[in-house]
Amino acid sequence: MSKLTLAIPSKGRLMEQTTDMFARAGLSLRKTGHARGYRGEIEGLPDIEIAYVSSSEIAAALKSGSVHCGITGEDLVRESMSDAATRVTFLKRLGFGFADVVVAVPACWIDVATVADLEDIAVPFRRAHGRWPRVATKYMNLTRAFFAEKGFGDYRIVESLGATEGTPAAGAAELIVDITTTGETLRANGLKILDDGVILKSEANLVASNVAAWSPWLRNAQNTLLVKLNAI
Amino acid sequence: MTAETALKFAALEAQAQTLMSVFTKAGHEAVAPAVIQPADVFLDVIGESLRARTYVFTDPDGAELCLRPDLTVPVCRIHLARHANPETQAKYCYNGSAFRFQPQGADAAHPREFRQAGIERFADSAREAAEAETAALILKAVESVGLKNWTLHIGDLGLFRAVLDAAKLPQRWQKNLGEAFLRPGAFKTELKRLTTEPGARSRALPEDLLRDLVPGDAEASEAALLAYLDSNGIELIGNRTAAEMVAHLLDALKDRDAKPLDASAAAMIESYLAVSGPAATAGTRIANLLTGVKGGPGAALDAYDRRLALLANAGVDLNRITFSAEFGRSLAYYTGLVFEVSAPGMPPDSPIAGGGRYDGLMRSAGASRDVAAVGAAIHTERLLSAVTGARS
């Protein structure tokens, strides 16, 4: 009988918090094979196989259906697919890995508090600098979808894979879209969040892939896991 | 289209040859711009919304490039490369592939790769004549390959600006509404703000800063802003300068003290936007709308009438032209006339051809100033399927 593959983060805080959560549900995770292997199992749930995957790749695995379920941030899932509603099902919010995806601008922009204000300044900015304001982010798709919904299109995205919050001060971008938990890093970099600039309040989720190969047997295994996690 | 038969390829090629010969006979020089273009020009011209539909990639040298999403910007770049003075008169035509990502999935009506045949005309100061000739030539071209029952749909951004002008809006409000025109939702919100509480936005601004600003004195106001930032421990960072912020703040200050826009002016703008119907009578309807308005859109209306007369002279049947004031809203870079050619049996979002005036595009592509420009492109796969569909 085939097993349900559950992808969980292979390192970092998210992995620790995931392991803790399983422990609180009375489930202990064990790596199989050699000690540094990428496979594991859950004691007492023989129908589930664990795949240790980096959290950003978990979203891709859910999207392609190469795993049945995964634990990862909602932000990463929504960023990696434009059709999340059809590709995956968010089974459970897990209460850790909190991160808000936000639009932040220099705090010295006293005249800008909302996306509508950004619209106001985009054309004069272009007149003065010969280009649209640049938005540094690794969340290109979330950014585009959010601004499109607000009717704001006069900007350029510059892809940023690290230290995004430093790009406005460095002159590499005018504003950013990034994740924050307390807002402290943003403040330290001279940035403020727009009043209507919260794109997504994200946390770790148990997510099921709708495009993986499912059977009633595997659905049953998924439900057994959910019952255990809901009992925490 | 991606999967095509040799037969269909041959049919498209034959159709393209006919189209191009109509264009070249009318004095348009055939050019063949590069398929791979610098991404910057497109993204800066069109903004991020089209980037999501453009195939952008980085080459091994790190340069950001794209597959051209249309051929108009590449033709502008050819013109600029040839002429130190961009205001040199020129007429070009082309036939080639363009590429657009289709977020809802590519299909026959919305292919990710399609061929455009089109014309561009630069620096012609006889504005309405250039516009009428461009539209008439596109109609002649589609007729020459067998599309007889077309309809032409036109809009006019010049008329819209003239109506704003006639409504006696301050420059900064005209600018706001002009920019919001492309986004119906934002337009409605902005018009409502202007007619109810133009100062609403300034309420979010710190009162102690507003008090220290000096209307009409940018320098003193900038000093006030810097003092405010300093006393609140806010560092000035980034590329946007204090002077730019001050200009925006002074506009907000003006708005705070401004009288709301007259309800009758807002009504006039809204009734203009509701005008839609036969092009031949739309001019009269707009003129009636503006009766009694001093300095109404005389010149813009004259241009509208002159353009129609020129189209009639060129043999275009005015009964087959419709006008709508709202048309042009989804098209980012047009500045005056906009038009679309449609064919019966084709879905409404799939026009056979489209074009118009875009005087600002050449500057975005690198010219030192605006250059008069009119052009249009035919979606050749759609044209072929409209023509063969009609025959079968």
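Quick notes on the rules
- Residues numbered from 1 in each chain as written.
- Chains lettered and ligands numbered in written order.
- Predicted model: local features only at pLDDT ≥ 70, side-chain atom pairs only at ≥ 80, totals over all residues.
- Helix = DSSP H or I, 4+ residues; strand = E, 2+ residues; numbered from the N terminus.
- Rg over C-alpha atoms; globule rule 2.2 N^0.38 Å.
- Contact = placed C-beta atoms within 7 Å.
- Domains from an automatic or database assignment.
- Nonpolar A, V, L, I, M, F, W, Y, C, P; charged D, E, K, R; others polar.
- Pairing = 2+ DSSP bridges.
- Axes fitted to C-alpha atoms, helices over the stretch in contact; angles between N-to-C directions.
- Parallel < 35°, antiparallel > 145°, perpendicular 65-115°, else oblique.
- Left-handed = near helix turned anticlockwise from the far one by under 90°.
- Core = buried A, V, L, I, M, F, W, Y, C linked by C-beta atoms within 7 Å.
- Buried ≥ 20, exposed ≤ 12 C-beta atoms within 10 Å, placed from the backbone.

A look at the overall build of chain B
Consideration 1: Check the secondary structure of chain B and you find 16 helices and 12 strands.
Consideration 2: Here the C-alpha radius of gyration of chain B, 24 Å, is about what a compact globule of 392 residues would show, namely 21 Å.
Consideration 3: Judged by the C-alpha coordinates and their principal axes, chain B covers about 75 × 60 × 40 Å.
Consideration 4: Considering only intrachain contacts with a sequence separation of at least 6, the fraction spanning at least 24 residues in chain B is 71%.

Regarding the domain arrangement of chain B
Consideration 1: Domain boundaries assigned for chain B yield domain 1 (1-149 + 380-392), domain 2 (151-198 + 263-342) and domain 3 (200-257).
Consideration 2: Distance between the C-alpha centres of domain 1 of chain B and domain 3 of chain B: 46 Å.

Looking at the interface of chain B and chain A
Consideration 1: Counting residues at the interface gives 30 residues for chain B and 30 residues for chain A.
Consideration 2: Among the elements that line the side of chain B that touches chain A, the one with the most residues is helix H11 (residues 242-257) of chain B, at six residues.
Consideration 3: Looking at the side of chain B that touches chain A residue by residue, the class counts come to 17 nonpolar, six polar and seven charged.

A short note on the sheet that holds strand E9 (residues 321-324) of chain B
Residue and element names in this part refer to chain B.
Consideration 1: In spatial order, the strands read E1-E5-E6-E12-E11-E10-E7-E9-E8; together these nine strands make up an open sheet with mixed pairing. Looking at which strands have only one partner, the edges of the open sheet turn out to be strand E1 (29-30) and strand E8 (276-278).
Consideration 2: In the packing of helix H1 (residues 6-25) onto the sheet, contacts are made with E1, strand E5 (90-99), strand E6 (113-122) and strand E12 (373-379), and the angle to E5 comes to roughly 160 degrees.
Consideration 3: Sheet strands in contact with helix H13 (residues 279-289) are strand E7 (151-156), E8 and E9, and its direction is about 130 degrees off that of E8.

A look at the packing of helix H7 (residues 171-180) of chain B against helix H8 (residues 184-196) of chain B
All names here are of chain B.
Consideration 1: Where H7 contacts H8, the two axes come as close as 8 Å, and the packing angle between them is 155 degrees. It follows that H7 is roughly antiparallel to H8 by the angle criterion. Between H7 and H8 the crossing geometry is left-handed. Residues Trp173, Asn176, Leu177 and Ala180 of H7 form the contact with H8, whose own contacting residues are Ala186, Phe187, Glu190, Leu191 and Leu194.
Consideration 2: Taken together, the residues that form the contact of H7 with H8 break down as seven nonpolar, one polar and one charged.

Looking at the sheet that holds strand E3 (residues 39-42) of chain A
All names here are of chain A.
Consideration 1: The mixed open sheet is built from seven strands, whose spatial order is E2-E3-E4-E1-E5-E12-E6. Strands with a single pairing partner mark the edges of an open sheet, and in this sheet they are strand E2 (29-31) and strand E6 (88-93). If you compare each strand with its neighbour and ignore which way they point, the axes differ by 30 degrees on average.
Consideration 2: As judged from the six bridges shared by strand E1 (residues 4-9) and strand E4 (residues 45-53), these two strands associate in the parallel manner. Bridge assignment links Thr5 to a residue of E4, and that residue is Glu49.
Consideration 3: Across the face of the sheet, helix H9 (residues 216-230) comes into contact with E1, E4, strand E5 (69-73), E6 and strand E12 (204-209) while running at roughly 80 degrees to E4.

Quick look at the nonpolar core
Consideration 1: Ranked by size, the top nonpolar core spans 87 residues in total, and within it Ile138(B), Val142(B), Val163(B), Ile352(B) and Ile378(B) carry the most contacts.
Consideration 2: Per-element tally for this core: the top contributor is helix H5 (residues 127-144) of chain B, with eight residues.
Consideration 3: Summarising the domain contributions, this core has at least three residues from each of domain 1 (1-149 + 380-392) and domain 2 (151-198 + 263-342) of chain B.
Consideration 4: In this structure, Val135(A), Ala173(A), Ile199(A) and Leu250(B) belong to the second largest nonpolar core, which totals 41 residues.

Brief notes about unusual backbone geometry
Consideration 1: Backbone geometry places Ala163(A), a non-glycine residue, at a positive phi of 50 degrees.
Consideration 2: Its location among the elements puts Ala163(A) in the loop between strand E9 (156-159) and helix H7 (167-170).
Consideration 3: For Lys168(B), which is not a glycine, the phi torsion comes out positive at approximately 60 degrees.
Consideration 4: For Lys168(B), the location among the structural elements is in the loop between helix H6 (157-166) and H7.

As for the pairing of strand E4 (residues 64-67) of chain B
Each regular strand displays side chains that alternate between the two surfaces of the sheet.
All names here are of chain B.
Consideration 1: Judged from the three bridges that link them, strand E2 (residues 36-38) and E4 form a sheet pairing that is antiparallel. Note that in E4 the partner of Gln37 across the bridge is Cys66.
Consideration 2: In the sheet, strand E3 (residues 56-58) pairs with E4 via three bridges, with the strands oriented antiparallel. Residue Val56 lies in a different strand from E4, and its bridge partner there is Cys66.
Consideration 3: Between E3 and E4, which follow one another and run antiparallel, lie five residues, and Gly62 among them has a positive phi close to 90 degrees.

Concerning the domain arrangement of chain A
Residues and elements named next belong to chain A.
Consideration 1: Split by domain assignment, chain A resolves into domain 1 (4-97 + 203-230) and domain 2 (99-202).
Consideration 2: Taken together, the contact between domain 1 and domain 2 spans eight residues of the former and eight residues of the latter.
Consideration 3: Among the elements that make up the side of domain 1 that touches domain 2, the one with the highest residue count is helix H3 (residues 74-80) (four residues).
Consideration 4: Looking at the side of domain 1 that touches domain 2 residue by residue, the class counts come to no nonpolar, three polar and five charged.

A short note on the pairing of strand E10 (residues 337-342) of chain B
All names here are of chain B.
Consideration 1: Among the six residues in E10, six count as buried, and that is most of the element.
Consideration 2: Burial along E10 is two-sided: Leu337, Phe339 and Val341 facing one way and Val338, Glu340 and Ser342 facing the other are all buried.
Consideration 3: Relative to E10, E7 runs antiparallel, the two being bridged by six bridges. Looking at E10, one finds that His153 is bridged to Glu340.

Side note on the environment of Ile119(B)
Consideration 1: Checked against the element boundaries, Ile119(B) lands in strand E6.
Consideration 2: C-alpha of Ile119(B) to C-alpha of Ala376(B): the two residues are 257 residues apart in sequence and 5.6 Å apart in space.

A few points about the environment of Thr388(B)
Consideration 1: Note on placement: Thr388(B) falls in helix H16 (residues 380-391).
Consideration 2: Separated by 242 residues in sequence, Thr388(B) and Gly146(B) place their C-alpha atoms 8.8 Å apart.

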